[in-house]
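Tertiary structure, described
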Amino acid sequence: YDWSEDARLYAMATVKSLGYNVITPKVEGYDRTWYRDEDHLRQWYDAAKGIGLAFAPFIYCTPDSRVADARISAQIARVCGVANVDLEDEWGAKEAH
């Protein structure tokens, strides 16, 4: 979340040079996106696509932020066509509703 845009582009180019065709960067956690707004996320998506990488970001979802995480996931899916939702231990300790 604290990378410069140059560092992000360098990382994307490095991943592509290693032969990968898709990246799945974490772009949110605990109801906090690591991009400023939808246009900023679209810049990341376009940058990846521009060098031949699919861009399938993921978020870290917790029960306490599930409503906001759902909203953010929808935003990510609108921009990128997919949103990967990471559900870990916190969900196992909560009762299903």
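Coordinates for the structure precede this section.
Here's a quick rundown of the structure. (Residues numbered from 1 in each chain as written. Predicted model: local features only at pLDDT ≥ 70, side-chain atom pairs only at ≥ 80, totals over all residues. Heavy atoms only, no water.)

The next subject is the packing of aromatic side chains. According to the stated counting rule, one finds 3 aromatic pairs in the structure shown. The interplanar angle of 85 degrees and the centroid separation of 6.2 Å between the aromatic rings of Tyr35 and Trp44 together place this pair among those described as edge-to-face. Trp44 matches Tyr35 in its accessibility class, with the two residues each being buried. One Lys or Arg, Arg8, reaches over the ring of Trp44 and ends 3.8 Å from the middle of that ring. (Phe/Tyr/Trp six-rings, centres within 6.5 Å; stacked < 30°, edge-to-face > 60°. Buried < 20%, exposed > 50% of the residue type's maximum accessible area, 1.4 Å probe, protein only. Lys NZ or Arg CZ within 6 Å of the ring centre and 35° of its normal.)

What follows is about helix 3 (residues 66-80). The end-to-end C-alpha separation of helix 3 is 20 Å, in line with the 21 Å expected for 15 residues at 1.5 Å each. Turning to helix 3, its buried residues are Ala68, Asp69, Ile72, Ser73, Gln75, Ile76, Val79 and Cys80. Buried residues along helix 3 cover an arc of 160 degrees about the axis, so they all sit on one side. For helix 3, the exposed residues lying more than 90 degrees away from the buried face are Val67, Arg71 and Arg78. (Helix = DSSP H or I, 4+ residues; strand = E, 2+ residues; numbered from the N terminus. Expected span 1.5 Å × (residues − 1). Arc of directions from axis to C-beta.)

Moving on: the environment of Glu28. Here Glu28 lies in strand 2 (residues 26-29). Remark: the alpha-carbon pair of Glu28 and Val67, spanning 39 residues in sequence, is separated by 14 Å. Sequence-distant contacts of Glu28, that is, excluding residues within four places in its chain, are made with Thr33, Trp34, Phe58, Ile59, Tyr60, Asp69 and Ile72. Looking at Glu28, its side chain comes within polar contact range of the main-chain nitrogen of Asp31, at 3.0 Å. (Contact = heavy atoms within 4.5 Å. Polar contact = N/O pair within 3.5 Å; in protein donor to acceptor, adjacent residues only side chain to side chain.)

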